[in-house]
Every structure is written in structure tokens, then in C-alpha cells.
Amino acid sequence: MQYYSLNDHSRKVSFADAVVQGLAPDRGLYFPASLPTPGKEFMENLGQYSDHEIAYRIIAPFVGDEIPENVLRKIVADTLSFPFPVHAVEKNVYALELFHGPTLAFKDVGARFMAGCLGYVLRNDKRPVTVLVATSGDTGGAVAAGFYNVPGINVVILYPSGKVSTLQEKQLTTLGGNIRALEVQGTFDDCQRMVKSAFLDTELQQHVLLTSANSINVARWLPQMFYYFLAVKQLKAQGKEKLAFSVPSGNFGNICAGILASVLGLPIDHFIASTNVNDTVPRYLHSGEYKPAAAIATLSNAMDVAAPSNFVRVLELFQQSFPALTSKLTGYSFDDAATVAAMEAVYKADGYMMDPHGAVGYLGLKKYLADHADFTGVFLETAHPVKFADTAPPSLQPCIVTPERVRELFSKAKQSTLLPADDAALKSWLLAQ
Ligand SMILES: *Cc1c(COP(=O)(O)O)cnc(C)c1O
């Protein structure tokens, strides 16, 4: 399969090159040159296939012959090594739980799949490759866990000292092995700037082979389709028709994967982009004007994104047609007060604990269902509530159950290197490795 840059459709590369490069040299996101579908018969009979078979059949044409079937099947099996249950929360309201993976958030899926693909594609490279990422929390942990022990790949994660949760820091700093954590004495923006400057530094590139594991990478974006198929399979088995999916969105990678699945023929009738007060897309869907504002910090901090990088892919999926886009996608935004109120109300009424991101998704779904009562609704619960326990309302904190494997993590020692928030400091650290 070939991929083109959204900035220049004539600039095409292979799947392998798209994975290694992340972003095209012209700074465009890569997009598949065709959208191969496994067919109507397959879509209507998902219940007859195993989860791994479904995932393999969807992804295989997007990879093409660049990864052999047995290797790709193994990558799929490693990616889907935990369950994706659809949990009934209220009448007509289901939570698709994406937090049963190693770092308790949906980013595990993309990170594991990308690690498998990159490990294979670079298998014959003599020099070790360094995956360099900046994280504000969830991405770093998922990338660390996904790439842990992948031969030939070192991972260097920059995170802002004191600005990630205790649990997130443990996930970044306790693996050891091929995973190194750099604790930057600055903000997430400093970390991002340092990573960018490393990628632009040609002298550095001659000594260290750098690549990114950024959320715009096609190998992180595409496998996120898997769980939409698995959710539809579960709901169809219960006789549910006419489905609406509400996706708590920040960079819009996750919802974009769902929309791609529906373009391929998966029967999802409507999508709801649910955001916190960083509402660039809901405003755009309402007014037709795309005007990103400055990012605002919220309780659902993995969605504090003012200029969602994957939205250009969403537009491409609708062939730049605004009417086509708005007939399939509705956007709503909610503030922290509404988010907390929903977390408390749902726990009280239904005994279901949501994290702040899932709660935004729940709110968007309820708002849509209020006018569309004939739909069955699903919201994506993108993280386990324990990941955001620090900022949960005091009334809920004692009720959040900590999974066993998280408790183990707290007993492990943190290993990190302190670094000033300075581009030159990162460069000399990388050169000294
Ligand atoms: C990253 C993240 C999101 C936002 O996902 P996008 O693909 O960036 O829209 C939502 N919830 C959680 C918990 C996340 O970690």
C-alpha cells in the first residue's frame, strides 16, 4: 500500500517508509492511497470471525506485502492481547472500555502495533534506532510499554518534571532495559521543542538514527480501527442496530480511525466528537469556520489540544465536503464542572466509575441521544479512572478501585535522568549514549 502526503498528493511512499518517517518531509500527514474494504459479506458476519482474524483482515491491505502474513498476524495478536468489552451503563448507553491494556489507556493499541511494525521494518538496520518522544502523560507510558524489549530500538522519553501524575511517572520510569526517561526541568512545551530541535539537527542525525512515535504515525492511527469492529461485533450479537459512537477527542486520531472503519463499511451510523473546552472542532462543525484558540488546561488533560493534528485526515475521509462531514459527525464540548457532575451522577445512579475523558464522551453521547432516541449509543472509555485519581472529585476518590498490576508499579523504583529544558542539553546527552 502506498501513502500520500496530505500536503502534496503526488508525493507517495510505502507503508514501511510512512512508519519510519512519521510525518512526510513536507510536514504533511500520510494518508492511504486507496481505502480497501474487506467487503459487505464480512461486515455483516463479524460474529463468525475471531477478534484476531477480524483485525488481521482489516489491516492487511493497508500494510500490503511489506510485512509477511505470519509476522503481521503475530503483531495483531500482540496488539490485541487484552479484552475490549462493551459495558452496559444505562438503557441504550454502552461504554467501550479501552483501558484493559498495560498502561490503562487506549494508546496501548497504537503503540504496540507501531512497535511491532517498526521492529520488523528496521530488522536489518545495523545501527540501533532511537525513538524519541515528548509526553504530557499517556503517550509516553504507552510507547514505553509497547517498545519495551523490541530488539534494535532504544526509546528516549522526555517528560516535564512534576507535571505528570505519579502513576504516569511510574509507567515511564520503571521499565529500564531499552527505555530511558529524561525528566526535563520545564514544561511539556519545552519537551516538545527539544524533540523538534533534535529532529532538525543534521549533525545529530549523523550520529544517532532518530525516529518518532508520534500519534500521527499511520502505524498508530490505523490499528485504532480494530476496537470499533470488536464493539460492533458485540453489539450486533445483542441485536443492536443504528449505532452512534461518541469519542472523547483531543488530537482526533481515535475518532478518525472510527470514521475510517465506517468508510470501509462498518455499520456505524453517526459519530459524536466530544471535547472539553478546547472546542475547535465542535465550533467548526457548527459555524464552518476553523479557528483554533490557545489551549486551555482541563481535568481531561489528554484532550487539551487546540489544533488537533489528525483533523485534516477526517476532512480527507469526507473528501473535503462540509455537508458530507456534518451529516455523519456532530461535535459538542463540555467544561470541567459538567464533567465532574457526570462522573458523580453516573456513579451514583449506575455504579459505573468513569475517568474525566470517558465522562466527556458520555456527555456528548447523552446530548445526541436526547434528540435521537432511536439510536443505540456507545461512548469510548479511553482510560482507567485510576490514571486520573489525583484529580477525581473527593467524593469519588475512595471508590476508585486500583488494579493489582498498578499496585505493583508503585513499589518499583523510578529511574530517570534530570535534564535542563535546553536543546543543547538533549543533544549532548544523545551524543554521549
Ligand atoms: C490521548 C487521549 C485522548 C484523545 O485521543 P485523540 O486520539 O488524541 O483524540 C482521550 N482520552 C485519553 C485518556 C487519552 O489518553
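Residues numbered from 1 in each chain as written. Predicted model: local features only at pLDDT ≥ 70, side-chain atom pairs only at ≥ 80, totals over all residues. Heavy atoms only, no water.

Student: Could you give an account of the overall build of the protein chain, with specific residues and numbers?
Tutor: When you go through the protein chain residue by residue, the secondary structure sums to 19 helices and 14 strands. Here the C-alpha atoms of the protein chain give a radius of gyration of 21 Å, agreeing with the 22 Å that 2.2 N^0.38 yields for 433 residues. Here the protein chain holds 433 residues, and the buried ones make up 57% of them. Excluding contacts between residues fewer than 6 apart, the proportion of contacts in the protein chain whose partners are at least 24 apart in sequence is 75%. Charged side chains of the protein chain number 36 positive and 41 negative; the gap between the two group centres comes to 2 Å. (Helix = DSSP H or I, 4+ residues; strand = E, 2+ residues; numbered from the N terminus. Rg over C-alpha atoms; globule rule 2.2 N^0.38 Å. Buried < 20%, exposed > 50% of the residue type's maximum accessible area, 1.4 Å probe, protein only. Contact = heavy atoms within 4.5 Å. Lys, Arg positive; Asp, Glu negative; His and termini not counted. Charge placed at Lys NZ, Arg CZ, Asp CG, Glu CD.)

Student: Help me get a handle on the site of the ligand, residues and values and all.
Tutor: Taken together, 15 residues form the shell around the ligand, and within it Lys107, Asp138, Gly250, Asn251 and Thr382 come nearest. Take glycine 253: an N or O atom from its main chain is 3.2 Å from an oxygen atom of the ligand. When the ligand is considered free in solution it has 390 Å² of accessible area, and contact with the protein chains removes 96% of it. Looking at the shell around the ligand residue by residue, the classes come out as six nonpolar, seven polar and two charged. (Near = heavy atom within 4 Å. Polar contact = N/O pair within 3.5 Å; in protein donor to acceptor, adjacent residues only side chain to side chain. Areas by Shrake-Rupley, 256 points an atom, 1.4 Å probe, with all protein chains shown as cover. Nonpolar A, V, L, I, M, F, W, Y, C, P; charged D, E, K, R; others polar.)

Student: Describe helix 6 (residues 138–147), listing the residues and the values that go with them.
Tutor: In terms of residue burial, helix 6 counts as a mostly covered element, since eight of its ten residues are buried. Listed as buried for helix 6 are Asp138, Gly140, Gly141, Ala142, Val143, Ala144, Gly146 and Phe147. Buried positions along helix 6 lie against helix 5 (107–121), strand 6 (129–134), strand 7 (153–160), helix 7 (166–173), strand 8 (179–185) and helix 10 (218–221). After helix 6 finishes, the residue asparagine 149 shows a positive phi value of roughly 70°.

Student: Please provide a residue-by-residue account of the packing of aromatic side chains, values included.
Tutor: Going through the model one piece at a time under the given rule, you end up with 17 aromatic pairs. Centre to centre, the rings of tyrosine 3 and phenylalanine 15 are 6.1 Å apart; their planes meet at 50°, and the pair counts as tilted. Residue tyrosine 3 is located in strand 1 (residues 2–5), and its partner phenylalanine 15 is located in helix 1 (residues 15–21); the two are separated by twelve residues in the primary sequence. Its relative accessible area of 0% is what places tyrosine 3 among the buried residues. Looking at phenylalanine 15, the relative accessible area reads 1%, which means it is buried. (Phe/Tyr/Trp six-rings, centres within 6.5 Å; stacked < 30°, edge-to-face > 60°.)

Student: An account of the sheet that holds strand 3 (residues 30–32) is requested, with residue identities and associated values reported.
Tutor: Neighbouring strands of a sheet are bound in pairs by backbone hydrogen bonds; such pairs are parallel or else antiparallel. Strands sit in the order 2-1-3 across an open sheet of three strands; the sheet is antiparallel. A single partner strand is all that each edge strand has here, and the edge strands are strand 2 (8–14) and strand 3. For this sheet the average axis-to-axis angle between neighbouring strands, irrespective of direction, equals 40°. Note that strand 1 and strand 3 share three bridges and pair antiparallel. Paired with tyrosine 3 across the two strands is proline 32, which belongs to strand 3. (Pairing = 2+ DSSP bridges. Axes fitted to C-alpha atoms, helices over the stretch in contact; angles between N-to-C directions.)

Student: An account of the pattern of salt bridges is requested, with residue identities and associated values reported.
Tutor: Applying the stated criterion to the full structure yields 20 salt bridges. The shortest N-O distance in the salt bridge between arginine 193 and aspartate 190 comes to 3.0 Å. In this pair, arginine 193 and aspartate 190 are both assigned in helix 8 (residues 188–200), three residues apart and thus about one turn of the helix distant. Each member of the salt-bridge network shares a partner with another, and the members are Glu53, Arg57, Glu69 and Arg73. (Salt bridge = Lys/Arg side-chain N within 4 Å of Asp/Glu carboxyl O.)

Student: Please set out the environment of threonine 37 residue by residue, giving values where relevant.
Tutor: Residue placement: threonine 37 occurs in the loop between strand 3 and helix 2 (40–44). Residue class for threonine 37 comes out partly exposed when judged on its relative accessible area of 46%. Every residue in contact with threonine 37, bar those within four places of it in the chain, is listed here: Met43 and Leu264.

Student: I'd love a proper account of the side chain of arginine 220, names of residues and values included.
Tutor: Position of arginine 220 relative to the elements: it lies in helix 10. Summary of buried charges: arginine 220 has no salt-bridge partner, and the nearest side chain of opposite charge, aspartate 108, is 9.1 Å away. A polar contact is formed between the side chain of arginine 220 and the backbone oxygen of alanine 213, at a distance of 2.6 Å. Those residues in contact with arginine 220 that lie beyond four places of it in its chain are Lys107, Gly110, Ala111, Met114, Thr139, Val143, Ala213, Asn214 and Ser215.

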